[in-house]
Amino acid sequence: MHARLRSLRLTAAPLVVVPVLSFGLVGCSGAVAVEPAPSGYAPSCAQVYTGLPDEIAGLQRRPTTAQGAAAWTGVPTGSQDGREVTVVLRCGVAQLSAIDTAGGCQAVEGDGVTVDWIPVDDGDGRTTWTTYGREPAVALEMPADGNVTLAVPQAVAKAVSLVEQTAVCS
C-alpha cells in the first residue's frame, strides 16, 4: 500500500508544478521595460495601479517590468499616420521643483475628478506630464501627439486622484 501512495505522489507533483511554471513564463513575455520609480512600492501607487483603465485612446494596457508602473501600446484613436505608440505611467516619481513647474500647471478633469499636471516637453517628440501637489508624484511619458496628450491625463485622472492631494495649481 505504501508503494502505491508513493507512486501517486510522484506522478501528481509534476502536474501541479508544470502549469504554474508555464503561466509564469507566459506572463513575463511582452512586458514593456520601465525604469522603476524610487517610491513605486508605496501603498498609494498600488491603489493607482489597480484603478487604471485597460484601454486609453485606442491603446491597450500591457504588463511592465516595474512595480507601480503601467503601459499602454497601440495606434491611437484618430491617428493620421497609423504609427504605434507607447504611453508609460510611473507612480512614485519625485516631485518637481519650483523651477520645473515654472512652465505652467494644467488642471485636467476626468471622471468627475481634477488632477493638476506639469507638462514638460522632452525634446524628442515625447512629453512627460507629472502630477503637482500629490506625494508620491505620478508621471505620464507619452508621445507629443494631440490625440494622446488630451486623452491620457483625463483617462487616468480617477486612479491618480487616489493619491492624496496636498497642493493645487495657482
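Residues numbered from 1 in each chain as written. Predicted model: local features only at pLDDT ≥ 70, side-chain atom pairs only at ≥ 80, totals over all residues. Heavy atoms only, no water.

Note on terminology: a disulfide is the covalent bond linking the sulfur atoms of two cysteines. Summed over the entire model, instances satisfying the criterion amount to two disulfides. Here Cys 45 pairs with Cys 91 through a disulfide, and the sulfurs are 2.1 Å apart. One quick way to see it: the torsion about the S-S bond of Cys 45 and Cys 91 is about -80°, and its sign makes the bridge left-handed. Of this pair, Cys 45 sits in helix H2 (residues 43-51) while Cys 91 sits in strand E4 (residues 85-93); the two residues are 46 residues apart in sequence, bridging distant segments of the chain. This pair shows no difference in class: Cys 45 is buried, exactly as Cys 91 is. Cysteines bonded in the protein are numbered consecutively along the chain; their disulfide partners then correspond to 1-2, 3-4. (Disulfide = S-S within 2.5 Å. Helix = DSSP H or I, 4+ residues; strand = E, 2+ residues; numbered from the N terminus. Buried < 20%, exposed > 50% of the residue type's maximum accessible area, 1.4 Å probe, protein only.)

In this section: the pairing of strand E3 (residues 69-74). E3 sits mainly inside the fold: six of its six residues count as buried. Burial of E3 is two-sided: the residues Ala 69, Ala 71 and Thr 73 facing one way and the residues Ala 70, Trp 72 and Gly 74 facing the other way are all buried. Both strand E2 (residues 59-62) and E3 contribute to a ladder of three bridges, which runs antiparallel. Directly across from Gln 60, in E3, lies its bridge partner Thr 73. From the end of E2 to the start of E3, which pair antiparallel, there are six residues, and Gly 68 there has a positive phi angle of about 75°. Bridge count for E3 against E4 is six bridges, and the pairing is antiparallel. Bridge pairing in E4 places Gly 74 opposite Val 85. (Pairing = 2+ DSSP bridges.)

Formed by 27 residues in total, the largest nonpolar core has its most connected members in Trp 72, Leu 89, Trp 117, Leu 140 and Val 156. Of all the secondary-structure elements, those providing two or more residues to this core are H2, E3, E4, strand E6 (113-121), strand E8 (137-143) and helix H3 (146-160). Counting six residues, the second largest nonpolar core, distinct from the first, contains Val 32, Val 34, Ala 66 and Val 88. (Core = buried A, V, L, I, M, F, W, Y, C linked by side-chain atoms within 4.5 Å.)

Here the focus is the side chain of Thr 131. Position of Thr 131 among the secondary structure elements: in strand E7 (residues 126-131). Judged by relative accessible area, which is 1%, Thr 131 ranks as buried. Once residues within four sequence positions are removed from consideration, Thr 131 is found in contact with Gln 95, Val 115, Asp 116, Trp 117, Ala 137, Val 138 and Val 160. (Contact = heavy atoms within 4.5 Å.)

Before going further, it helps to examine H2. Among the residues of H2, Ser 44, Cys 45 and Val 48 are the ones counted as buried. Buried residues along H2 cover an arc of 100° about the axis, so they all sit on one side. Exposed residues lying more than 90 degrees from the buried face of H2 are Pro 43 and Thr 50. Looking at the packing, one finds that the buried side of H2 touches E4 and H3. (Arc of directions from axis to C-beta.)

Before going further, it helps to examine H3. If you check H3, its first and last C-alpha atoms are 21 Å apart, about what 15 residues at 1.5 Å a residue would give, namely 21 Å. Residues of H3 that are buried include every one of Val 148, Thr 149, Val 152, Pro 153, Val 156, Ala 157, Ala 159 and Val 160, and no others. (Expected span 1.5 Å × (residues − 1).)

In this fold, Tyr 49 is placed in helix H2. C-alpha of Tyr 49 to C-alpha of Arg 90: the two residues are 41 residues apart in sequence and 9.3 Å apart in space. Not counting residues within four places of it along the chain, the set of residues in contact with Tyr 49 comprises Arg 61, Ala 69 and Ala 70.

These results come straight from atomic positions and should not be treated as a statement about function.
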